6 protein chains.
Amino acid sequence: MGLRIVPGTANPLLTAAVARTLRTELVTCELDRFPDGELRPVMDHLRGDDVYVIQPTGPPVSDHLVELLLLLDACRRGGAGRITAVLPYFGYARQDRRSQAGEAVGARVVADALAASGAQRLVVVDPHTAALEAMCGIPVEMLTAVPALAGALAPLVPGDAVVVAPDLGAVKLAEHYASLLHRPVAVVRKTRMTGATVRAEEIAGDVAGRPAVIIDDMISTGATIEAAARVLLAHGGAPAIVVAATHGLLVAGAAGRLGRLPVQCTVTTDSLPRGHPPALPLQVESIAPLLADAISRMHHEQPLGDLLTRS
Amino acid sequence: MGLRIVPGTANPLLTAAVARTLRTELVTCELDRFPDGELRPVMDHLRGDDVYVIQPTGPPVSDHLVELLLLLDACRRGGAGRITAVLPYFGYARQDRRSQAGEAVGARVVADALAASGAQRLVVVDPHTAALEAMCGIPVEMLTAVPALAGALAPLVPGDAVVVAPDLGAVKLAEHYASLLHRPVAVVRKTRMTGATVRAEEIAGDVAGRPAVIIDDMISTGATIEAAARVLLAHGGAPAIVVAATHGLLVAGAAGRLGRLPVQCTVTTDSLPRGHPPALPLQVESIAPLLADAISRMHHEQPLGDLLTRS
Amino acid sequence: MGLRIVPGTANPLLTAAVARTLRTELVTCELDRFPDGELRPVMDHLRGDDVYVIQPTGPPVSDHLVELLLLLDACRRGGAGRITAVLPYFGYARQDRRSQAGEAVGARVVADALAASGAQRLVVVDPHTAALEAMCGIPVEMLTAVPALAGALAPLVPGDAVVVAPDLGAVKLAEHYASLLHRPVAVVRKTRMTGATVRAEEIAGDVAGRPAVIIDDMISTGATIEAAARVLLAHGGAPAIVVAATHGLLVAGAAGRLGRLPVQCTVTTDSLPRGHPPALPLQVESIAPLLADAISRMHHEQPLGDLLTRS
Amino acid sequence: MGLRIVPGTANPLLTAAVARTLRTELVTCELDRFPDGELRPVMDHLRGDDVYVIQPTGPPVSDHLVELLLLLDACRRGGAGRITAVLPYFGYARQDRRSQAGEAVGARVVADALAASGAQRLVVVDPHTAALEAMCGIPVEMLTAVPALAGALAPLVPGDAVVVAPDLGAVKLAEHYASLLHRPVAVVRKTRMTGATVRAEEIAGDVAGRPAVIIDDMISTGATIEAAARVLLAHGGAPAIVVAATHGLLVAGAAGRLGRLPVQCTVTTDSLPRGHPPALPLQVESIAPLLADAISRMHHEQPLGDLLTRS
Amino acid sequence: MGLRIVPGTANPLLTAAVARTLRTELVTCELDRFPDGELRPVMDHLRGDDVYVIQPTGPPVSDHLVELLLLLDACRRGGAGRITAVLPYFGYARQDRRSQAGEAVGARVVADALAASGAQRLVVVDPHTAALEAMCGIPVEMLTAVPALAGALAPLVPGDAVVVAPDLGAVKLAEHYASLLHRPVAVVRKTRMTGATVRAEEIAGDVAGRPAVIIDDMISTGATIEAAARVLLAHGGAPAIVVAATHGLLVAGAAGRLGRLPVQCTVTTDSLPRGHPPALPLQVESIAPLLADAISRMHHEQPLGDLLTRS
Amino acid sequence: MGLRIVPGTANPLLTAAVARTLRTELVTCELDRFPDGELRPVMDHLRGDDVYVIQPTGPPVSDHLVELLLLLDACRRGGAGRITAVLPYFGYARQDRRSQAGEAVGARVVADALAASGAQRLVVVDPHTAALEAMCGIPVEMLTAVPALAGALAPLVPGDAVVVAPDLGAVKLAEHYASLLHRPVAVVRKTRMTGATVRAEEIAGDVAGRPAVIIDDMISTGATIEAAARVLLAHGGAPAIVVAATHGLLVAGAAGRLGRLPVQCTVTTDSLPRGHPPALPLQVESIAPLLADAISRMHHEQPLGDLLTRS
């Protein structure tokens, strides 16, 4: 089986970089967009091949998800030998439970739709929940960009800095960063009120007078980071702040929100595309090497070992 | 089991009209839209009920589809006794086959996703392909709005008018209209070149000097109708034109395209919402009575008989 | 994986020809027929192989279908590496929708039974409906015998002949023939009353005084062809008629029905077996090369491209 | 849910008798048979009903099986509330294992096809293998006609008679008969060579000079019974023979085979239809009361208890 | 449908209490245990009923799980109208992800086996992971015993006490307790090294000189509680300790481990049975009212609202 | 794909012997046993390999079954190329039907759980029921140890010995032994009353004064063998007895039960482990060569032919 990369349209630069790293050509794949919004992929021959469809399901998430479903179906009907969906960012991962009786479990809906459309394996990067694989009937490889991000952070972080988890869900991630950066961890405890409003409360760990590296798996509106930063400042910490997160959605005024804080730099990856230069100092670490390495090992049936998330 | 209507957000006026006709309250259902575009429905208690989720999957089709999947999952997890997805307009119905080897079969992808998310039955109105039910593992009821539209057309259509099918796929539909209007049928044969460009060629049937009722299942860009009209005009026909179609998507300059023709009136239904007054004379026949009747019969386990499409 | 051909009993000559073309031996496969009609296949070792089971499901359709299900199960339990069901003729393809509420959708029933019995892929030739692949959860390759038939027709068709579609469902097929034969198309519009009775009505296209090539995907009782021919004759056309169809079922007096018409020759394929010399001038073009080519490409993971139907 | 009986065409007299016993009208169900052998059921409205489709899958087994699959699909698509397939005779039950590596497991193929077509429960009568229910993912109720047959046998069997199992597979059945008739059991051991040829060998139990009741679950060609009778005669037994079996297929010269033996009477049920008066003394005990009782209890959610087979 | 309670053998006292509260008799259900350890349930008639099988899958977890699978299958084959598996304790919930590449995801394995055996809905109490429902294809209701436990704790907890989460995974639970007890929360951060060894590190929140209520979802070996208590003591806290957890497995020396600490009382529920009086002061709050209330509401199709876990 | 053997913990000696015979190293696989009884396998890299998990599901059957499910899931999630579960002894095979309405069908429950956890093929040895394969949706290879056991028996069996089937279910097995040992067969007919009590009745075949080889597929409590032996003795047979069975569970006083009989030797295989020297003369024939041969052929895609059971 030949190794083939099918490019979704959600992140063409990343996909091209992955293919370049793997020294393979992308499968020619056109995506017709009809005037009424329906999509129609037309892709080149990949019969019998070991196919990896790369598509992060970031905003516009519905469009990117439906496109991915169609691409998977096209691969299946086109006779692909094995189909792996690579989602550098897995949308709807936060909907892994109902917080009220009348809700849906979006993560599972997405997982089921991917499998129903032909995906035989998934690859994701730093998903919001490590239980993601338990929600999928098909095998899931959960890669981590933390080593790459920690490498980028190292020169930016002073010796007395502290790694700050902005909420409890980020503590394991913070410990991963901290172990790589040889720094201590502090934790902000907050209660999420609604999707966009966040109330931060307390801090655990010694932060007074110390520079802070606030980390998270993703930055959406920046509200979580902002709240954590305000708590740090209120506790006499964070004379300088660096922010790091695998997924930089940066929607709904995130740049402005972070810009109003003493954030020196925001480090993120290219799991999601950057449309235009953001209004904040942003350092982007590419996960193309990570994805290319993982795809290469999966294609050659080698273990992924150190590429995987800790949990 | 109580009869419950869950309103998707795709067509609130239609859904409200259906509920009103059924003299039932809509299930309270809020749809959170997160800043990154993810959706979260929160709906009221419907445990044990006979639930009908009404959501046409017109533009923006991906959003409306993903919302529908989440609503179905919420109904399932919320303990609904029976779940019927009512799609007044079924998006992706045209993708019922691959015209090239590298394509997807979008209609099947949608059908599978609906079933995987919890739909146990489907209700659709005048779908683009009658084979839709064969693509679904769950039962599908295919309703028709043609009698309602024919009723609206009757006073608009002179005695010497001819019903015109703008392509071969519309002939059965045209015959249905013609039998109700007691008019002859003419057919335009065209070859569809791409999604938006259409080449019309010939006409079968006597159209010279006769007013025309051009009918179709849907009007997307209006290009098909325009092409048919131009053929009619070239053949000396259509001194006056009335257009009728169940689904009025009217995207991408459709109003302008129809406005440039001697179209007296366009008759369509409210299967899809009208955002703002269109720039063309439009008469909208509501399918709320049709849907309400079908839902009521299905709830009371009565046959649908005359509400169904012919094929 | 070795390439293996499993011969169903429905068309041994065709299957042998395919194997010969592929220069492979048929898998030894005996079919016990018990006195009460139950079938028991016993086939040779095919563990790990790439298996193609060839069985058209023509009359007696139930027997041929059940035999195929058993053969697929035997392949699966016998350890076949990959199982492809090759149906040169796919029975029940016309039942792709319910025309009344109390009917079944036979095409889907067959598709589900094939998949449940172990088929992983299907290959069909000129199926009655192009939506067939949307009805199947497994990939379907729809081959076409039209180029082969057109090649056979070329010397039989005068320069002024017209390709005639006997009903609307056959127009796309007619256009395919016409483009290969460089002839115009005419269309007969009919209404099918019951399974065996057909009422033909009108004709679109210039047929007066021109020889006709009436084409269809299949000839069952010949009633559709007969009705079209009578319309042609009534319109002053068809001084000479050639009939062409991929599948020649020729049941229930078809030979007599065609024999009473000025049909010069009927051209068909060997997708279904000929029991005894028919009482009409028949030219049979073998699809063994087509099937052998498709199987070879599928086995070697090459694209099928030009072997596929247009739609 | 109303109780509805859908009549397959395999045994109309039995089905009518069941409906009569249940004091319910049969669902109107027409079965179109197309000239090419395809079947199309058209049945009346049964939306929301508790439906029992009665169809033994005896000869012609393929036709009866395919018809049953279509009926089940029609019920499902027609909105039946619950669908139970009632197979008074379950064809292919003997194929419950592969005796060679290249065979199929027909019983499982049938079970899977029934479930795939919409059956939610099965009812069978004295199936050839009691493991049948383990082969089905859906619940199976295995009824027994032995009490009814034993009642018919009682007046025919002298006081010194012995119940004879013609092979080891029939011993449990023989013990059931024997316990009801208060007679001892004898067993003939044979080795089945092929489908139609049988070699009988020994006998266990005291048969000398005693009348015999040879029992079995089914009589196909009669070869098993004949072989057992010849062993009995060779051992000085069976001055008079009565034969009893639930399913009287009586194919391939069975009547002649039994007629050459001193068989006084053959007692069987109407699980399969009798086309014309057989050339042997036959007493037919109807299982209509058994089926009606079972259906009534299942409809009213009562236990089946004593109607079930022992195993 | 009648409400029926099927008692697994894992917790007969709890099950009897639930039935008593619901004023219903338990379904008679015997469980044969064969000398080789195989289990065979034999249960009374429950055809058409709304069945709730109550079985916590605590130690011996494999036996209790396999028994539950058999009970579910017996319900399904016995014709139950609806089958809900009630697991007051859900074993293997901690295996919701692989922490290394070579592991299994036990929670999903259990979830899949339950569904494959016939469970249509699950009810669990305070599961270790709130993402449990996303792992199940069938609806899951996650009840909480925290209000009941908090009620029992209220008289035991001084006014200056603090609720302590022994690790990050327990913080949400601690906040739930704290809101009901009107007390603040403190958190111990630990790193779990292996299954039985735990290393505790830090504490967030004001604990000095304050009595502590250490809470968790379950107490297995007591090592987590012990480690938290030692950290509290080292920080000058916990002059008096009360321990509370929904599930008291108390295996492998848990009693001794807690007995060596200044634990005044351990409050738990009867989700798991108590074999013999434990060597520690234990107060057991019954969840029978909680389960009975939930089952009654589910049976009567009422919302569960306040019985559900927060997340 | 490399050939890999994953050792379950149920029979480490057998598994090691299989690996030795195949000249392959076992996959490193640790099984954590948590104090509360939950299991956690951690196995080495086997991505892309052809994996055979060897685990007999003998006592403690629930533990061994659940461990097997987890191992299969770990293989699947770890990226195994193909997963075959090898069950030298298949527990719950006797539960292949309900003998009363309220029972489960344990064999099917196990089969479904294995497939749901990732098994793609099964290998079993002399299962209690040959219909086992019909209960599994995945292919099953049923191997037989009878030739190996017959080889071990040959020197132990005098020329006038008779092979005795202790009940009807063992007759086919007895005939297999007899054909290899060139001895006649006798049959004991018994009625099994409950799981542990057995009532033996009659004997068919000449046993007076002849040494006996009592054979069965398994010896659980030894009660069946004991009953058969007592019948033999009562009929003046069995001056010397040899017992042979593939599976020697030998639970619940089996050694004592056999020890009280004139049993010269019991011959069995190592399909199940021997914990400590039994109190009876036992000769153990290893099935490691059989399993190794079967695995090697399946890995190399060769037919299993003579390794399979007859039925």
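Scroll up a little and you will see the structure.
Thresholds, definitions, all that
Residues numbered from 1 in each chain as written. Chains lettered and ligands numbered in written order. Predicted model: local features only at pLDDT ≥ 70, side-chain atom pairs only at ≥ 80, totals over all residues. Heavy atoms only, no water. Helix = DSSP H or I, 4+ residues; strand = E, 2+ residues; numbered from the N terminus. Rg over C-alpha atoms; globule rule 2.2 N^0.38 Å. Buried < 20%, exposed > 50% of the residue type's maximum accessible area, 1.4 Å probe, protein only. Contact = heavy atoms within 4.5 Å. Areas by Shrake-Rupley, 256 points an atom, 1.4 Å probe, with all protein chains shown as cover. Least-squares fit on C-alpha atoms with pLDDT ≥ 70 in both. Pairing = 2+ DSSP bridges. Axes fitted to C-alpha atoms, helices over the stretch in contact; angles between N-to-C directions. Buried area = accessible area lost by both parts, 1.4 Å probe. Salt bridge = Lys/Arg side-chain N within 4 Å of Asp/Glu carboxyl O. Polar contact = N/O pair within 3.5 Å; in protein donor to acceptor, adjacent residues only side chain to side chain. Nonpolar A, V, L, I, M, F, W, Y, C, P; charged D, E, K, R; others polar. Parallel < 35°, antiparallel > 145°, perpendicular 65-115°, else oblique. Right-handed = clockwise from strand over helix to strand, strands pointing away.

Description of the overall build of chain A
In terms of helices and strands, chain A carries nine helices and 14 strands. The C-alpha radius of gyration computed for chain A amounts to 20 Å, which stays within 12% of the reference 19 Å derived for 311 residues, consistent with globular compactness. Once the C-alpha set of chain A is aligned to its principal axes, its extents read approximately 60 × 45 × 35 Å. Expressed as a percentage of its 311 residues, the buried residues of chain A come to 65%. Taking the contacts inside chain A whose residues are at least 6 apart along the sequence as the reference set, 64% of them involve residues at least 24 apart. Surface accessibility of chain A: about 9,900 Å² in total, with carbon and sulfur atoms responsible for 53%.

Some details on the relation of the copies chain A and chain C
When chain A is brought onto chain C, the operation consists of a screw motion whose angular component is 120° and whose axial shift is 0.0 Å, with 0.0 Å RMSD remaining. This pairing of chains is accounted for by a three-fold axis.

Considerations on the sheet that holds strand β1 (residues 3-7) of chain A
All names here are of chain A. Across the sheet, five strands lie side by side as β1-β4-β5-β6-β7; this open sheet has parallel pairing. Two strands close off the open sheet at either side, each with one partner strand: β1 and β7 (140-143). The sheet shows a mean angle of 20° between the axes of neighbouring strands, taken without regard to direction.

Looking at the pairing of strand β8 (residues 162-165) of chain F
All names here are of chain F. Because side chains alternate across β8, one face comprises the buried residues Val162 and Val164, and the other comprises Val163 and Ala165, equally buried. The sheet contact formed by β8 and strand β11 (residues 212-219) spans three bridges and is parallel. For Val164, the partnering residue across the bridge sits in β11 and is Ile214.

A closer look at the environment of Arg310 of chain A
All names here are of chain A. Counting through the fold element by element, Arg310 comes out in the segment after α9 (288-299). For Arg310, a relative accessible area of 54% corresponds to the exposed category. Sequence spacing of Arg310 and Thr144 is 166 residues, and the spatial spacing of their C-alpha atoms is 8.1 Å.

Here's the deal with the relation of the copies chain D and chain C
Turning chain D through 180° and shifting it by 0.0 Å along the axis lays it on chain C, with an RMSD of 0.0 Å. Such a turn and shift between the copies fits a two-fold axis. Both copies contact each other with a shared surface, as 100% of the interface residues of chain D are interface residues in chain C too.

Points about the interface of chain A and chain C
Contact residues are listed per partner, giving six residues for chain A and 13 residues for chain C. The contact between chain A and chain C buries some 740 Å² in all, and 43% of this surface belongs to carbon and sulfur atoms. Looking only at chain A, the three residues that lose the most surface to chain C are His45, Arg47 and Arg77 of chain A, adding up to 80% of its buried area. Run the count over chain A and chain C and you get one salt bridge. Linking Glu141 of chain C and Arg47 of chain A is a salt bridge whose minimum nitrogen-to-oxygen distance equals 2.8 Å. Across the contact surface, chain A and chain C share five residue pairs in polar contact (both at pLDDT 80 or more). Grouping the amino acids of the side of chain A that touches chain C by side-chain chemistry returns no nonpolar, three polar and three charged.

Quick look at the interface of chain D and chain C
The partner chain C presents 49 residues to the 49 residues of chain D that form the contact. For the pair chain D and chain C, the summed buried area comes to about 3,800 Å², and 58% of that belongs to carbon and sulfur atoms. In terms of surface lost to chain C, no three residues of chain D exceed Asp36, Glu38 and Arg77 of chain D, which account for 16% of the buried area on that side. Taken together, the connections running from chain D to chain C amount to six salt bridges. One salt bridge connects Arg40 of chain D with Glu103 of chain C, and the closest N-O pair in it is separated by 3.4 Å. Connecting chain D to chain C are 17 residue pairs in polar contact (both at pLDDT 80 or more). For the side of chain D that touches chain C, the elements supplying multiple residues, two or more each, are β3 (39-43), α2 (61-77) and α3 (106-116) of chain D. Top contributing element to the side of chain D that touches chain C by residue count: α2 of chain D, with ten residues. When its residues are assigned to classes, the side of chain D that touches chain C shows 25 nonpolar, 13 polar and eleven charged.

Section: the packing of helix α2 (residues 61-77) of chain A against helix α3 (residues 106-116) of chain A
All names here are of chain A. Remark: α2 packs on α3, axes separated minimally by 9 Å, with the N-to-C direction vectors making an angle of 25°. Relative to α3, the element α2 is oriented roughly parallel. Contact with α2, carried on its side by Leu65, Leu68, Leu69, Leu72 and Arg76, involves Val110, Ala113, Leu114 and Ala116 of α3 and no other residues of that element.

A look at the pairing of strand β6 (residues 121-125) of chain D
A regular strand places its side chains on the two faces of the sheet in alternate fashion. Residue and element names in this part refer to chain D. The element β6 is largely enclosed, with a buried count of five among its five residues. With four bridges connecting them, strand β5 (residues 82-87) and β6 associate as parallel partners. Bridged to Val86 within β6 is Val123. Crossover β5 to β6 through α3 is right-handed. Sheet topology places β6 next to strand β7 (residues 140-143); four bridges connect them, and they run parallel. Its bridge partner being in β7, Val125 is matched across the sheet by Leu143.

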